[in-house]
Each structure stands twice: as C-alpha cells, then as structure tokens.
Amino acid sequence: MLVKTDAIVLSKLKYGDHDVIVKCYTKNRGVVSYLLKGILKSKRSNSKIAYYQPLSQLEIEENYKANHALHFITDVKLSVPYQSMHTNILKGAIVMFLSEVLAATLKEEEGNLSLYEFLETTLQWLDHETDFANFHLLFLLELSKHLGFYPDTSQSNFPYFNLSTGSFELKPQHHYTISGENLKFLKALLGIKFDELHTVKMASSQRQTLLNTLLFYFELHLSDFRKPKSLQVLNQVFN
C-alpha cells in the first residue's frame, strides 16, 4: 500500500555495502524504519542520501506493509528545506545531539500528532534563530512533557527539586535532589516559550551542569536511556 506522510529523520545506519536503514518519526505512525536499497551504489542514487540528514523534515511516499520491521520509500522530497541547521557548526552539534536523544527515546509505532508538531515547529524555530545556546535545554524539558515525566510545577516555589519524583520539596528527601544555582536555572526554563529563551543568561559551565542534570533526569525516568555519545562534542562546541 502506497501512502504519503511527513517524517523527521532520527538516524541512519549503513546496511551491507550499498543499503541504508533510516529510522524516522512519522506523522501518521510514529517510529518507522525504512530500508533504502542500493542508495550507496551509484553517484545518481547516492545524491539522494542527502535527504536523510539528522532531523531533516521530509515528505515521503512509502510502501508500508503491516507487521513488517522494515518498509520502503518510493519517493521523497524535503518538506522544510533548512537554511542553517546543517551548515552552522553550533546548530549541527545540537542536531547531532538531539537526533541521538530522540532515536533513543521515541519507540512507539503509533501516531502522536502533538509530539510530531512539537518536533516540527521547534526544529524550524532553531533553523531560523540566531540566539539558541539554551535551545537544547528547553527542548529536553518540553520533550519530557510528551514522554510523561515533565516536572510537577505546583510547588515550584520550594527550594529543592527531587529528580526521582519530578517534584519540588521544602526539604531534601532523596539524594537525587538539586538546589541552588542549578535549580534556579531549571526554574527559569519551566513554562517559558522558545521565543523567551534569550532572557535566560547562563555561562557555558552552568549550561553544562544543567544539561547533565536533565540527562540524568531522563535516565531516572526512562529505564534504557543513556547519555548520548555526542554529548562531548556538544559541550566542546559550546565551551
């Protein structure tokens, strides 16, 4: 059955000598893996691999067969041609990092329109924005909302945050508790919009500390989540 859908590229993996497996998050069915047969075989087909850069937004026609692990793409084009995402070094580091996070956290093979629209709009925001140093921090927080463990902000005036329970506390009840400057920046990001990110000022060391905190928060709430290998590159680029 041939079906058209929008899709965001999460990862790609060389398979054999000439084939590639691409994992995408699709608007219609969530996570879907595609086998791109022979795409590395000739210069003509090899040019098509450029469509499948991390977090590219595509419009694809797929040959989808229920109960199959791999599906086939019969036609592809860019639905959103990025202006700077893959040419700006700083944005490229964020893209590499976030694509690894998304590939590890998005598992469901069913559509989730609100999540797809979140990815679609925030990535387009990043592509056009010039002040984006804190983008990945807010992105992770907002992603946790879609994954079901966004911090409970009902007591956000309390001076401690329990990473294990995702709640604010008057007294530290657990060794997975943050406070002080790290908590101040976490609170600054809670509830703000991406257009307000420029109002949150922090040094690179403070940004790295908060990023490590958020990644640990993901580890506590997602059993198979591990820190992305691209984290070191991201930290070096923004240092």
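What you see as residue numbers is a count from 1 along each chain, following the sequence as written. The predicted nature of this model means local features are confined to residues of pLDDT at least 70 and side-chain atom pairs, given and counted, to a pLDDT of 80 or more, with totals for whole chains, interfaces and linings taken over all residues. Excluding hydrogens and water, the side-chain figures rest on all heavy atoms present in the structure.

The protein has the name DNA repair protein RecO in an unreviewed UniProt entry, where Gelidibacter sediminis is given as its organism. UniProt positions are given in the numbering used here, feature names are shortened, and annotations may be inferred rather than shown by experiment. According to the UniProt record, the Sequence similarities (unreviewed entry) comment for the protein reads "Belongs to the RecO family."

Take helix α2 (residues 89-105) next. In DSSP terms, a helix is any run of H or I states spanning at least four residues, a strand is any run of E spanning at least two, and both are numbered starting from the N terminus. The span you would expect from a helix comes to 1.5 Å times its residue count less one. Here α2 is 17 residues long and its end C-alpha atoms lie 24 Å apart, about the 24 Å a rise of 1.5 Å per residue gives. Remark: exposure states derive from per-residue accessible area (1.4 Å probe, protein chains only) relative to the maximum for the residue type, with buried under 20%, exposed over 50%, and partly exposed in between. All of the buried residues along α2 are Lys 91, Ala 93, Ile 94, Val 95, Phe 97, Leu 98, Ser 99, Val 101, Leu 102, Ala 103 and Thr 105. Against the buried residues of α2 lie β1 (2-15), β2 (19-26), α3 (113-128), α4 (135-147), α6 (204-221) and α7 (231-237). Contacts described as polar in this section are N or O atom pairs within 3.5 Å, which, within protein, must combine one atom able to donate a hydrogen with one able to accept it, while residues neighboring in sequence count only if both atoms come from side chains. Regarding α2, its N-cap is Asn 88, as a side-chain oxygen of that residue lies 2.9 Å from the backbone nitrogen of Leu 90 further along. Two residues form a contact once any of their heavy atoms are found within 4.5 Å.

So, about the sheet that holds strand β4 (residues 57-63). The rule for pairing is simple: two strands pair if DSSP sees at least two bridges between them. Reading across from one edge, β3-β2-β1-β4-β5 is the order of the five strands in this open sheet, with antiparallel pairing throughout. In this open sheet, the two edge strands, each paired with only one partner strand, are β3 (30-36) and β5 (72-80). Going across the sheet, the axis of each strand differs from the next one's by a mean of 40 degrees, ignoring polarity. Direction of pairing for β4 relative to β5: antiparallel, over a ladder of seven bridges. Note on β5: the bridge partner recorded for Glu 59 is Lys 77. To get an axis, fit a line to the C-alpha atoms, keeping to the stretch in contact for a helix; angles then go from 0 to 180 degrees between the N-to-C directions.

With that settled, the discussion passes to α4. Taking 1.5 Å per residue as the helical rise, α4 with its 13 residues ought to reach 18 Å, and the 18 Å between its terminal C-alpha atoms agrees with that figure. Taken across its 13 residues, α4 has ten buried, putting it largely inside the fold. When we look at burial in α4, the residues that qualify are Phe 135, His 136, Leu 137, Leu 138, Phe 139, Leu 140, Leu 141, Glu 142, Leu 143 and Ser 144.

A separate point is the packing of α4 against α6. It is at 10 Å that the axes of α4 and α6 come closest, and there the two elements cross at 15 degrees. As judged from the angle between their axes, α4 and α6 are roughly parallel. The element α4 and its partner α6 pack so that their crossing is left-handed. Across from His 136, Leu 137, Leu 140, Leu 141, Leu 143, Ser 144 and Leu 147 in α4, the residues of α6 making contact are Arg 207, Leu 210, Leu 211, Leu 214, Leu 215 and Phe 218. Here the nonpolar group is Ala, Val, Leu, Ile, Met, Phe, Trp, Tyr, Cys and Pro; Asp, Glu, Lys and Arg are the charged ones; every other residue, Gly included, is treated as polar. Its residues assigned to classes, the contact of α4 with α6 comprises ten nonpolar, two polar and one charged. The labels follow the angle: roughly parallel below 35 degrees, roughly antiparallel above 145, roughly perpendicular from 65 to 115, and oblique for the rest. Helix crossings fall into two classes, left-handed where the near helix is turned counterclockwise from the far one by less than a right angle and right-handed where it is turned clockwise.

Taken together, the three strands give an open sheet; going across it, the order is β7-β6-β8, and neighbouring strands pair in antiparallel fashion. Looking at the sheet topology across the chains shown, the edges are occupied by β7 (167-169) and β8 (177-178). Of the strand pairs in this sheet, strand β6 (residues 160-162) and β7 are connected by three bridges, and their pairing is antiparallel. Among the inter-strand pairings, Asn 162 is bridged to a residue of β7, identified as Ser 167.

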